[in-house]
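Summary of structural features
The residues making up each chain are set out below.
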Amino acid sequence: MTEPSDPPIPGAIKDTMRQPLPKRFYKQVTAEPRNGAFAVLLDGRPVRTPKRAFLQVATLPLAEAMTVEWAAQEIEINPARMPLTRLVNTAIDGVTGREMAVSAEIVQYAGTDLLCYRVAAPAALVERQVKAWDPIIGWAETWIGGRFIRAEGIMHVTQPPATLEKLAEKVAGRNAFELSALHVMTTLTGSALLALAHAEGVLPVDAAWAAAHIDEDYQIEKWGTDFEAEHRRAVRRRDMEAAGRLLGLLRAN
């Protein structure tokens, strides 16, 4: 038995609360080496992804982290409470074989990166953007050997093609799991530069999240928020943290 199908697009969130959830049918969850990788097993039987591939990964810590999610399911199996497993499913089913296309999507985001679009006022928000975003852009320009054009307002600016080409070289060659995590972080923040800064060890997840929400946090301070907005943000934050965990666990021994 497998969990309900995930969407094929990295980072997409499926609303599982509108359909019946499968009942938990297993007692024991383990992670074991299989075929040169590490698989998740339920009562000794390997779990499969929605597209029937084996749910297996390159590192034991990542497999063990997924077993924790499966073991935490109680009466029903709720994928919404298994963000790491869902992300791995997406990597296996939706990104494997599409690495070049997903890499291109990440680079495309950089062409309209959040960090390149600044407000002209108020001064307090301008200062926050400069303080949080300029160091990341400076790092990215040094890292790739190119420059990014910044603009005020929402008018589109075209980034230098040479810059995006160099960025594409930095994104290329990453595996499906890394790309899945990067794509999720990019879409959640609106910034490929923030996602890559985290992936390269420059920026912790919390700092990347905070940098992406400077404008939103400023508005919340002025006008407040509501329960639905807080819930949506909490769901996005959970997926952001899962993507960061995935990147870390891929490097763990």
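Here the structure is shown first, and the text comes after it.
Residues numbered from 1 in each chain as written. Predicted model: local features only at pLDDT ≥ 70, side-chain atom pairs only at ≥ 80, totals over all residues. Heavy atoms only, no water.

1. A closer look at the pairing of strand β2 (residues 37-42)
- The buried fraction of β2 amounts to five of the six residues, a majority that puts the element mostly inside the structure.
- Where strand β1 (residues 29-34) lies against β2, six bridges are found, and the strand directions are antiparallel. Among the inter-strand pairings, Arg34 is bridged to a residue of β2, identified as Ala37.
- Adjacent in sequence and paired antiparallel, β1 and β2 are bridged by two residues, among which Asn35 carries a positive phi angle near 55°.
- Note that β2 and strand β3 (residues 45-46) share two bridges and pair antiparallel. The partner of Leu41 across the bridge, within β3, is Pro46. (Buried < 20%, exposed > 50% of the residue type's maximum accessible area, 1.4 Å probe, protein only. Helix = DSSP H or I, 4+ residues; strand = E, 2+ residues; numbered from the N terminus. Pairing = 2+ DSSP bridges.)

2. Comments concerning the nonpolar core
- Counting residues in hydrophobic clusters, the biggest one holds 69 residues, and the most contacted among them are Leu55, Leu62, Trp70, Val88 and Leu246.
- When residues no more than four places from it in sequence are discounted, the contact partners of Val88 are Leu55, Val57, Leu62, Met66, Phe177 and Leu246. (Core = buried A, V, L, I, M, F, W, Y, C linked by side-chain atoms within 4.5 Å. Contact = heavy atoms within 4.5 Å.)

3. Describing helix α8 (residues 205-212)
- Along α8, the residues classified as buried are Val205, Ala208, Trp209, Ala211 and Ala212. For α8, the angular spread of buried residues about the axis comes to 165°, placing them on one side.
- Here the buried face of α8 lies against α4 (123-144), α6 (176-189), α7 (192-199), α9 (214-223) and α10 (227-250). (Arc of directions from axis to C-beta.)

4. A few points about the packing of helix α1 (residues 60-72) against helix α2 (residues 83-95)
- In contact at an axis separation of 8 Å, α1 and α2 are set at 125° when each is read in the N-to-C sense. With respect to α2, the element α1 is oriented oblique. Counting all contacts with α1, which are made through Leu62, Ala65, Met66, Glu69 and Trp70, the residues of α2 involved are Pro83, Leu84, Thr85 and Val88.
- Taken together, the residues that form the contact of α1 with α2 break down as seven nonpolar, one polar and one charged. (Axes fitted to C-alpha atoms, helices over the stretch in contact; angles between N-to-C directions. Parallel < 35°, antiparallel > 145°, perpendicular 65-115°, else oblique. Nonpolar A, V, L, I, M, F, W, Y, C, P; charged D, E, K, R; others polar.)

5. Describing the packing of aromatic side chains
- Counted according to the given criterion, the structure contains three aromatic pairs.
- A network of ring pairs unites the aromatic residues Phe25, Tyr26 and Trp70 as a single cluster.
- Across the ring face of Phe54, the terminal group of Arg48 is positioned such that the distance to the ring centre comes to 4.1 Å. (Phe/Tyr/Trp six-rings, centres within 6.5 Å; stacked < 30°, edge-to-face > 60°. Lys NZ or Arg CZ within 6 Å of the ring centre and 35° of its normal.)

6. Section: the side chain of Thr189
- By secondary structure assignment, the location of Thr189 is in helix α6.
- Among the polar contacts made by the side chain of Thr189, one reaches the main-chain amide nitrogen of Ser191 at a distance of 3.1 Å. (Polar contact = N/O pair within 3.5 Å; in protein donor to acceptor, adjacent residues only side chain to side chain.)

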